[in-house]
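Next come the chains, spelled out residue by residue.
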Amino acid sequence: MQGLWLTILASALLLAQAIQANARPDSFADLADQVSNAVVNITTTTTVAARGGPAPVVPEGSPFEDFFREFNDRNNRDGGQGQAPRRSQALGSGFVISEDGFIVTNNHVIEGADEILIEFFTGEELPATLVGTDPNTDIALLKVETDEVLTFVPFGDSDIMRVGDWVMAMGNPLGQGFSVSAGIVSARNRELSGTYDDYLQTDAAINRGNSGGPLFNLNGEVIGVNTAILSPNGGSIGIGFSMASNVVTKVVDQLKEFGETRRGWLGVRIQDVSDDVAEALGLADTAGALITDVPAGPAEEAGLLQGDVILSFDGVEVEDTRGLVREVGNAEVGKAVRVLVYRDGGTETVLVTLGRRETAEAGAAPMEKPSSEEPQTADILGMTLSAVNDDLRAQLSLPDAATGLVVMGLEADGVAAAKGLQIGDVITEVGQQPVLAIADFEARISEAKEAGRKSLLMLVRRGGDPRFVALPLN
């Protein structure tokens, strides 16, 4: 009986291995045939202004005098206006997303281009016009006009891609023409430098010229737009990044409809909730986004406050600031959303009507209320603090209405220095209450100790930018 069970177990193991082996493609040839006609090469032409500046001065009688005279004559045959502007070309990749000629590529592929030429897999070439761009995600949408029905590829769901899934990249690497490379998803949710970054990392070979090309799953669906590589030598070393399709599709839909992006805007400055900040606030965990400032805008009008922790946005739990920024950006402009916040030891729901980020980015935060307290100086928690006065406002280029306590000195091995505070920082709140004088700070310390807190939460401004810092009280 035991031998029978061992035989069954061995058979099941072999069957599982066979199923796993069948999930690995023997060849990508069928997939390449399926999608090739929708992948395009992109050539851009840009007018580059002539280099100006005075001609070199050569002493009279110098042996180089005749040489430079001939050189200047040759370059000034346009009537003495200097060198004529020159034309510069660049190469990239893209892919057709509709039968009527919409094409997706990277913004950096076509940025500043005077002419855009699309070359199809068949060799046919068509000029393209620019529909719109989004530098934040490095996506651009183009359009070609033709009487033919074009082959196109659909977008897939990048959120269901797992680390280890097979992918195939296609494009025009190093100007070599249509080329295919294969690999796996190496990592997900990579962030490079942008606010809305959500990259799939892949080891499929991506080189210069692949930018804007598609990254396919095994169903022939685009799950990423090849955008960047990490390389010490400029060539592929197996670390490439593709902007996730679920980000791209939202951008493309807006570019199609409006010719520009229209992202939701909440109107708050935020920071992640660290362990010590959570302890100082009495939060059970470190999830959420802590509001550090509420300038004039939708959040202020709705009643969100500095020091609130946003726990959920429009029904979606907020894990961190990055997640909140993406949810807000993807929300519809003008939509009324419910924002659940942690405030004063409990939760409240605030209804906020979103504005539009693109029209609000130039807005400035309101000034702080002026102080009527006399300046004082004291050493507290490893800091030498002084109340803001006119002299400090002038020295630190602070607004006329700025209030708070200025960090005048730091103990080199003190807790404040260890938390990253710097001389010149301005502490405007302690324990989520304004501080105008040293006595206010000392009162907040006493209150925190009486409440059994191990940390004290401070709102610190540096160069006008606010952030919360939790200092240990022991």
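None of these values were measured; they are calculated from a predicted model.

Undergrad: Break down the environment of Leu-31 for me, citing the residues and quoting the values.
TA: Along the chain, the position of Leu-31 falls in helix α2 (residues 29-35). Residues Leu-31 and Asn-219, spaced 188 residues apart in sequence, show a C-alpha to C-alpha distance of 7.7 Å. The residues contacting Leu-31, other than those within four sequence positions of it, are Met-168, Asn-217, Leu-218, Asn-219 and Gly-220.

Undergrad: Give me the environment of Arg-188: which residues, what numbers.
TA: Examined against the element boundaries, Arg-188 turns out to sit in strand β8 (residues 179-190). The sequence separation of Arg-188 and Thr-202 amounts to 14 residues, and the corresponding C-alpha distance is 9.0 Å. There is a polar contact of 2.8 Å between the side chain of Arg-188 and the backbone oxygen of Ser-158.

Undergrad: So what about the confidence of the model for the chain? Which residues, and what values?
TA: Per-residue pLDDT for the chain has a mean of 82; in total, 82% of the residues score no lower than 70. Here helix α1 (residues 2-22) stands out as the element of the chain with the lowest mean pLDDT, 52, in contrast to strand β10 (residues 214-216), whose mean of 97 is the highest. Here residues 364-375 is a poorly scored stretch, pLDDT under 50, and it has 23 contacts once near neighbours within four places are set aside; other chains count.

Undergrad: So what's going on with unusual backbone geometry? Which residues, and what values?
TA: Trans is the prevailing form of peptide bonds, just as negative phi is the prevailing case for residues other than glycine. Phi is positive for Asp-138, which is not a glycine, with a value near 60°. With respect to the helices and strands, Asp-138 occurs in the loop between β5 (125-134) and β6 (139-144). Judged by relative accessible area, which is 13%, Asp-138 ranks as buried. A positive phi angle is found at Asp-314, which is not glycine, with a value near 55°. Relative to the elements of secondary structure, Asp-314 occurs in the loop between β16 (309-313) and β17 (316-317). For Asp-314, a relative accessible area of 33% gives the class partly exposed.

Undergrad: Go over the pattern of salt bridges, please, and point to the residues and values.
TA: Under the definition given, this model contains 15 salt bridges. Measuring nitrogen to oxygen at the nearest pair gives 2.6 Å for the salt bridge that ties Asp-308 to Arg-343. Note that Asp-308 is positioned in the loop between α7 (298-302) and β16 and Arg-343 in strand β18 (residues 336-343), a separation of 35 residues in sequence. Neither Asp-308 nor Arg-343 differs from the other in exposure class; each is buried. One salt bridge connects Asp-425 with Arg-462, and the closest N-O pair in it is separated by 2.7 Å. Remark: Arg-462 occurs in strand β26 (residues 455-462) and Asp-425 occurs in the loop between α10 (415-418) and β24 (426-430); sequence separation between them is 37 residues. What emerges from the salt-bridge pattern is a single network uniting Glu-260, Arg-262, Arg-356 and Glu-358.

Undergrad: Pulling in residues and values, what's your account of the packing of aromatic side chains?
TA: Scanning the model with the defined rule gives four aromatic pairs in all. With a centroid separation of 5.9 Å and an interplanar angle of 75°, the aromatic rings of Phe-95 and Phe-155 are classed as edge-to-face. In this pair, Phe-95 sits in strand β2 (residues 86-96) while Phe-155 sits in the loop between β6 and β7 (166-171), placing the two residues 60 residues apart along the sequence. A relative accessible area of 23% means that Phe-155 is categorised as partly exposed. Between Lys-143 and the ring centre of Phe-102, over which it is positioned, the NZ or CZ distance is 5.4 Å. Taking the ring centre of Tyr-196 as reference, the NZ or CZ of Arg-263 above it sits at 4.2 Å.

Thresholds applied
Residues numbered from 1 in each chain as written. Predicted model: local features only at pLDDT ≥ 70, side-chain atom pairs only at ≥ 80, totals over all residues. Heavy atoms only, no water. Helix = DSSP H or I, 4+ residues; strand = E, 2+ residues; numbered from the N terminus. Contact = heavy atoms within 4.5 Å. Polar contact = N/O pair within 3.5 Å; in protein donor to acceptor, adjacent residues only side chain to side chain. pLDDT = per-residue confidence, 0-100. Buried < 20%, exposed > 50% of the residue type's maximum accessible area, 1.4 Å probe, protein only. Salt bridge = Lys/Arg side-chain N within 4 Å of Asp/Glu carboxyl O. Phe/Tyr/Trp six-rings, centres within 6.5 Å; stacked < 30°, edge-to-face > 60°. Lys NZ or Arg CZ within 6 Å of the ring centre and 35° of its normal.

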